[in-house]
Amino acid sequence: MRSVRGSSRMRAVLVHQFGGVEQMKVEDGVAIPSVGDKQVLLKVHVSGVNPVDTYIRSGQYATLPGLPYVPGRDAAGVIHSTGSLVTKFKPGDRVFSSYSTQFGTLAEFTSVDEAHVFPLDDKLTYSQGAGIGVPYFTAYRALFQKAHAKKGERVLVHGASGAVGLAAVQIGVANGLRVVGTAGTPEGLDLVKQMGAEAVFNHRDKKYISELQKGEKFDVILEMLANVNLGKDLTLMKPRGRTIVVGSRGTVSIDPRNIMGIEGSVTGMALQTATPEEWKELSEGVIEGINAGWVTPVVDREYTLEEAGKAHHDIINSKGAKGNLVVKLQD
């Protein structure tokens, strides 16, 4: 890794045109981003990969960066330098971040607003740190800021072996929720159970919905693939149950009568719409979990920078998620 003092250039993945993974090119000689007064320059050790990164790269997202851009929202690394008005961090601090600008995190350096940088506890690796931001903030927002989940309530987490799903299981169990999950492989089922879920169902089993319908229904449902499951979710809620749509990859038909009689609700959520006050609450809740020891990201696979396109492919086309996918830039 070259010293930033000796060069104003770095290696990074650049996207010059929205489209498939073939648009992701590793380039040398990319300009290291400048740092504003309230920003830090982060030396990226590991970049997190999330489904939202693939939606942006393909151009299928509400808010798109200008071209060319560096993909990636989550990272973990070391503060290299700080803007003149930064007060919370100093060079050498281990941190994780969750933010997206023209200079994303698939790069040796990225600039991040101080408000979106957080201390990384020594008990977590950089790869784990890169798996905190989007997954844990999304899960926390869905459970508490959108569903207003309360201790003792029963929660169904679809896709519980994925990064957001595992975060939701950990957060829910730690906060006294009764968590049930679904996964698609024996390894995923075991992992969700290890995280403390009271029951886990295989969503590849055609009978799993009927099995869920036989048991106690749910106060809260976190839906990661609404185009597949939303219609079924409406039959699984208790009176005044809440389904939170975290992810969807298409359209779906539902029968509104399934929620009219129970006065149930379906609410969409998007992390980027959180207000500054909500971001503060999110970060405080997750940092509390890190300090308490229940924020423990599971890293399924590490990729090199040259394999970043494969990571984008795999996170969408996986036959069975088992935690976070990350791209390693430093040893």
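This text follows the structure it describes.
Quick look at the structure, then. Computed from a prediction, not measured in an experiment: that's the story for all the values here. (Residues numbered from 1 in each chain as written. Predicted model: local features only at pLDDT ≥ 70, side-chain atom pairs only at ≥ 80, totals over all residues. Heavy atoms only, no water.)

Some points on the overall build of the protein
Working step 1: The helix and strand inventory of the protein stands at 10 helices and 15 strands.
Working step 2: Taking 20 Å as the expected radius of gyration for a compact globule of 331 residues, we find that the protein reaches 20 Å, a close match to that expectation.
Working step 3: Counting only C-alpha atoms and orienting by the principal axes, one finds that the protein spans roughly 65 × 40 × 35 Å.
Working step 4: With an accessible surface of roughly 14500 Å², the protein has 50% of that area assigned to carbon and sulfur atoms. (Helix = DSSP H or I, 4+ residues; strand = E, 2+ residues; numbered from the N terminus. Rg over C-alpha atoms; globule rule 2.2 N^0.38 Å. Areas by Shrake-Rupley, 256 points an atom, 1.4 Å probe, with all protein chains shown as cover.)

Notes on the pattern of salt bridges
Working step 1: Applying the stated criterion to the full structure yields 21 salt bridges.
Working step 2: A salt bridge links Asp93 to Lys90, with the shortest nitrogen-to-oxygen separation between them at 2.9 Å.
Working step 3: When its relative accessible area of 17% is taken as the criterion, Asp93 is described as buried.
Working step 4: Measuring nitrogen to oxygen at the nearest pair gives 3.5 Å for the salt bridge that ties Asp219 to Lys238. Taken together, the residues Asp219 in strand S11 (residues 218-223) and Lys238 in strand S12 (residues 237-245) connect sequence positions 19 residues apart.
Working step 5: Here the salt bridges do not stand alone but share partners, grouping Arg154, Arg178, Glu198, Glu216, Asp219 and Lys238 into one network. (Salt bridge = Lys/Arg side-chain N within 4 Å of Asp/Glu carboxyl O. Buried < 20%, exposed > 50% of the residue type's maximum accessible area, 1.4 Å probe, protein only.)

Quick notes on the packing of helix H3 (residues 133-146) against helix H9 (residues 276-292)
Working step 1: The interhelical angle for the contact between H3 and H9, taken along N-to-C directions, is 110°, at an axis separation of 10 Å. Taken together, the axis directions place H3 and H9 in an arrangement best described as roughly perpendicular. In this structure, H3 uses Tyr136, Phe137, Tyr140, Arg141 and Gln145 to contact H9, whose residues at the interface are Glu278, Trp279, Glu281, Leu282, Ser283, Gly285 and Val286. (Axes fitted to C-alpha atoms, helices over the stretch in contact; angles between N-to-C directions. Parallel < 35°, antiparallel > 145°, perpendicular 65-115°, else oblique. Contact = heavy atoms within 4.5 Å.)

What to know about the sheet that holds strand S8 (residues 154-157)
Working step 1: Strands sit in the order S10-S9-S8-S11-S12-S13 across an open sheet of 6 strands; the sheet is parallel. Bordering the open sheet on either side are strand S10 (199-202) and strand S13 (265-268), each of which pairs with just one other strand. With strand direction ignored, the average angle separating the axes of adjacent strands in the sheet is 20°.
Working step 2: In this structure, S8 lies alongside S11, joined through 3 bridges in parallel fashion. Of the residues in S11, the one forming a bridge with Val155 is Val220. (Pairing = 2+ DSSP bridges.)

Comments concerning the side chain of Ser98
Working step 1: Within the fold, Ser98 resides in strand S5 (residues 94-98).
Working step 2: By relative accessible area, which is 4% here, Ser98 ends up buried.
Working step 3: Looking at Ser98, its side chain comes within polar contact range of the side chain of Asp74, at 2.8 Å.
Working step 4: Dropping the residues within four chain positions of it, Ser98 is found in contact with Arg73, Asp74, His116, Gly133, Val134, Phe137 and Trp279. (Polar contact = N/O pair within 3.5 Å; in protein donor to acceptor, adjacent residues only side chain to side chain.)

Here we look at the nonpolar core
Working step 1: Counting residues in each nonpolar core, the largest one holds 50 residues, and the members touching the most others are Phe96, Ile132, Phe137, Leu143, Val157 and Leu222.
Working step 2: Elements represented by at least two residues in this core include exactly strand S4 (74-82), H3, S8, helix H4 (163-174), strand S9 (178-183), helix H5 (186-194), S11 and H9.
Working step 3: By residue number, the principal contributor to this core is H3, which donates 8 residues.
Working step 4: Not counting residues within four places of it along the chain, the set of residues in contact with Phe137 comprises Phe96, Ser98, Phe118, Ile132, Leu271, Trp279, Leu282, Ser283 and Val286.
Working step 5: Counting residues in each nonpolar core, the second largest holds 35 residues, with Val44, Tyr69, Ala75 and Ala308 among its members. (Core = buried A, V, L, I, M, F, W, Y, C linked by side-chain atoms within 4.5 Å.)

Here we look at the pairing of S9
Working step 1: Of all 6 residues that make up S9, 5 are buried, and the element is covered over most of its length.
Working step 2: Sheet topology note: the S8/S9 ladder contains 4 bridges and is parallel. Paired with Arg154 across the two strands is Arg178, which belongs to S9.
Working step 3: As for the winding sense of the linkage, the β-α-β connection from S8 through H4 to S9 is right-handed.
Working step 4: Direction of pairing for S9 relative to S10: parallel, over a ladder of 4 bridges. (Right-handed = clockwise from strand over helix to strand, strands pointing away.)

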